[in-house]
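Now for the letters of each chain:
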Amino acid sequence: MGGSGPMNAPGQARTTVFTQMSALAMRHNAINLGQGFPDESGPDHIIEAAALAMRDGHNQYPPLAGIPQLRQAIADHQRRFYGLEPDTEDGIVVTAGASEATAAAMLALAGPGDEVIALEPYYDAYKACAAMAGATLVPVRLEAPAYRLDAERLRAAVGPRTRVLLINSPHNPTGTVLEETELAAIAELAVERDLIVVTDEVYEHLVFDDHRHRPLASFPGMWDRTVTISSAGKTFSVTGWKIGWASGPADLIARVKAVKQFLSFASGTPFQYAITEALNTGDDYYRDYVAGYRERRDFLVAGLADLGFTVTEPQGTYFVTTSAAPFGAKDGMEFCLDLPERCGVVAIPNQAFYADPDAPRPEVRFTFCKPLPVLQEGLDRLRRGLHRAT
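Because the structure is a prediction, the values reported are computed rather than measured.

The next subject is the overall build of the protein. Scanning the protein for helices and strands turns up 13 helices and 13 strands. For the protein, the C-alpha radius of gyration of 20 Å lies close to 21 Å, the compact-globule estimate for 390 residues. Looking at the protein as a whole, 57% of its 390 residues are labelled buried. Counting only contacts in the protein whose residues sit at least 6 apart along the sequence, the fraction spanning at least 24 positions is 75%.

Given below as C-alpha cells:
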C-alpha cells in the first residue's frame with residue numbers, strides 16, 4: 001500500500017508503515033505513540049449496547065446498506081450537526097470502517113485513466129485505493145509548517161483526466177482543519193469543473209479551540225456531487241469495531257453500494273446496534289470528548305516542544321506533527337525505525353504519507369489518543385533516549 005518505507009526487499013509489496021511500526025512496538029515493548037487507536041474502550045453504555053445486541057440474537061448478516069436503525073441515526077446526526085438531509089433508504093450505506101467506504105468510493109467513481117486529487121501528505125490507503133481502481137493519485141501539497149491549502153495550486157492540478165477530489169478534513173496527519181475560504185474554493189472548483197468529491201471526515205468531532213468542521217456537502221452546488229465518509233471508531237473510541245458509513249445523493253451512493261456488496265457485503269451486526277445508540281448520545285458527550293483530547297493535545301505539544309522538537313499545534317484529529325531536525329534527523333523514517341530500540345517509543349514518519357515516500361523528510365507524527373500517564377511515560381522515555389543519543 002501507498003508508501004510505507006524501505007523495509008521490503010526489491011520486488012516485494014510494501015507493508016504499511018502502521019504494520020511495520022506496530023511490530024517494532026511489540027518487539028521492543030515500546031509505547032505506541034504512532035498509530036491512531038486509543039488505549040481506552042468507548043463509553044460503558046455503548047459497550048453494553050453491543051453486548052445486549054449479541055445476547056438478543058443480532059449476530060447474523062445485516063442488510064447490505066446497514067440496519068435501518070443505524071441509517072436513521074446517521075441521517076439524524078447529519079441533520080443535527082450540519083443541516084444535511086441524506087435519505088435513509090437510498091442515501092446512506094454502512095461500511096466496514098471508513099477505509100472500506102473510501103475503497104468502495106474509489107472503485108465506484110474512478111477508473112483506468114482517471115486522476116484522483118488528494119491533499120498531501122495523505123493517509124497512505126488513498127493511493128492504494130486509487131490504484132485498485134486503475135486511477136492515478138495526484139497530490140496537492142499542504143506545505144509545512146502551516147499546512148494550509150493553496151487554492152491556485154489545487155486549481156492548477158485539475159486537468160482533463162481529473163475525476164475525483166478526495167478531501168480529508170480534519171486532516172491526517174497534519175491536524176489542519178480546512179477553513180471556510182479553503183472549503184469554498186474547493187467547492188467552487190468542483191462545480192466549475194463538474195468533479196465528484198469524496199470527503200474523509202472521520203475526525204469531524206475532534207476539532208479544537210475556535211475551529212469548526214463544516215462538510216463540503218453543505219456548500220452550494222455540492223450535495224449532488226459529494227460522497228461524505230465518516231465512522232464511529234474515532235468519535236466513540238471503538239476503532240476495532242470498524243463501523244463506518246458513506247452518505248450523499250442516491251445515485252452516487254448506489255454506485256458505492258454496488259461495489260461494497262462484493263467487498264464485505266455487510267458486517268458488524270451487533271456493533272451497528274451499539275453505534276445507533278452512540279449516535280443518539282447527547283451533546284454533553286461531545287463536549288467532554290473534545291475537552292479531554294484538548295487537554296491531552298496541549299500536554300503532548302508542550303512536552304515535545306520542551307524536548308526540542310519543532311511542533312505544529314494541531315487544530316483537529318489526535319495527531320501532532322513535529323520536525324526531528326533539531327536532533328540532526330534528515331530522514332524521518334530512519335529516525336522512527338531507530339526510536340523504539342533507542343527510546344522505547346514508536347512514532348510515524350510523515351514521509352510515508354507523501355507520493356515519494358523514500359524522499360527523506362524530518363517530520364514525525366505522534367498521537368495523543370492515550371491517557372496522560374502514558375503520554376508522560378512516553379515523554380520521559382524520549383527525554384532519556386534522545387539525551388543519550390545527543
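This brings us to the sheet that holds strand β5 (residues 162–168). Ordered by their spatial adjacency, seven strands build an open sheet running β2-β8-β7-β6-β5-β3-β4, and the pairing between neighbours is mixed. Taken across any chain shown, the strands that pair with only one partner, and hence form the sheet edges, are β2 (92–96) and β4 (136–141). Taking the axes of each pair of neighbouring strands and ignoring which way they run, one obtains an average angle of 25 degrees across the sheet. Seen against the sheet, helix α3 (residues 68–82) touches β2, β7 (226–231) and β8 (243–247) and runs at an angle of roughly 110 degrees to β2.

All right, on to the pattern of salt bridges then. Applying the stated criterion to the full structure yields 25 salt bridges. The shortest N-O distance in the salt bridge between Asp39 and Lys370 comes to 3.0 Å. With Asp39 in the loop between β1 (31–32) and α2 (44–55) and Lys370 in the loop between β13 (363–367) and α13 (372–389), this pair connects stretches of sequence that are 331 residues apart. In this structure, Arg287 and Asp284 form a salt bridge, with 2.2 Å as the shortest nitrogen-oxygen distance. Here Arg287 pairs with Asp284, and both are found in helix α11 (residues 283–307), just three residues apart, close to one helical turn. Its relative accessible area of 52% is what places Arg287 among the exposed residues. One connected set of salt bridges, linked through shared partners, spans Asp209, Arg297, Asp298 and Glu313.

Further remarks concern the packing of helix α1 (residues 17–27) against helix α12 (residues 332–343). With their axes 9 Å apart at the nearest point, α1 and α12 run at an angle of 30 degrees to one another. Compared by their axis directions, α1 and α12 come out roughly parallel. Seen from α1, the contacting residues are Val17, Met21 and Leu24; seen from α12, they are Met333, Cys336, Leu337 and Pro340. Along the lines of polarity and charge, the residues of the contact of α1 with α12 split into seven nonpolar, no polar and no charged.

Mapping Pro249 onto the fold places it in the loop between β8 and α9 (250–260). For Pro249, a relative accessible area of 6% puts it in the buried group. Ignoring sequence-local partners within four residues, the contact set of Pro249 consists of Trp223, Asp224 and Thr226.

So, on to unusual backbone geometry. It is generally the case that most residues other than glycine have a negative phi and that most peptide bonds are trans. The residue after Ala144, namely Pro145, is reached through a cis peptide bond having omega 0 degrees. Looking at the secondary structure, you find Pro145 in the loop between β4 and α6 (151–157). Cis geometry marks the peptide bond from Asn172 to Pro173, where omega comes out at 20 degrees. Structurally, Pro173 is set in the loop between β5 and α7 (180–193). Look at Tyr147: it is not a glycine, yet its phi comes out positive at around 55 degrees. Structurally, the position occupied by Tyr147 is in the loop between β4 and α6.

On to a nonpolar patch on the surface, then. The grouping of Leu107, Met132 and Leu263 at the surface amounts to a nonpolar patch, some 270 Å² of accessible area in total. With respect to the secondary-structure elements, Leu263 resides in the loop between α9 and α10 (269–279). Under the relative-accessibility criterion, Leu263 is labelled partly exposed at 42%.

Of all 11 residues in α10, eight are buried; the element is thus mostly enclosed. Packed against the buried residues of α10 are α2, α3, β2, α8 (233–236), β8 and α11.

Basis of the calculations
- Residues numbered from 1 in each chain as written.
- Predicted model: local features only at pLDDT ≥ 70, side-chain atom pairs only at ≥ 80, totals over all residues.
- Heavy atoms only, no water.
- Helix = DSSP H or I, 4+ residues; strand = E, 2+ residues; numbered from the N terminus.
- Rg over C-alpha atoms; globule rule 2.2 N^0.38 Å.
- Buried < 20%, exposed > 50% of the residue type's maximum accessible area, 1.4 Å probe, protein only.
- Contact = heavy atoms within 4.5 Å.
- Pairing = 2+ DSSP bridges.
- Axes fitted to C-alpha atoms, helices over the stretch in contact; angles between N-to-C directions.
- Salt bridge = Lys/Arg side-chain N within 4 Å of Asp/Glu carboxyl O.
- Parallel < 35°, antiparallel > 145°, perpendicular 65-115°, else oblique.
- Nonpolar A, V, L, I, M, F, W, Y, C, P; charged D, E, K, R; others polar.
- Patch = residues over 30% accessible without salt bridge, like charges linked within 9 Å, V, L, I, M, F, W, Y side chains within 5 Å.
- Areas by Shrake-Rupley, 256 points an atom, 1.4 Å probe, with all protein chains shown as cover.

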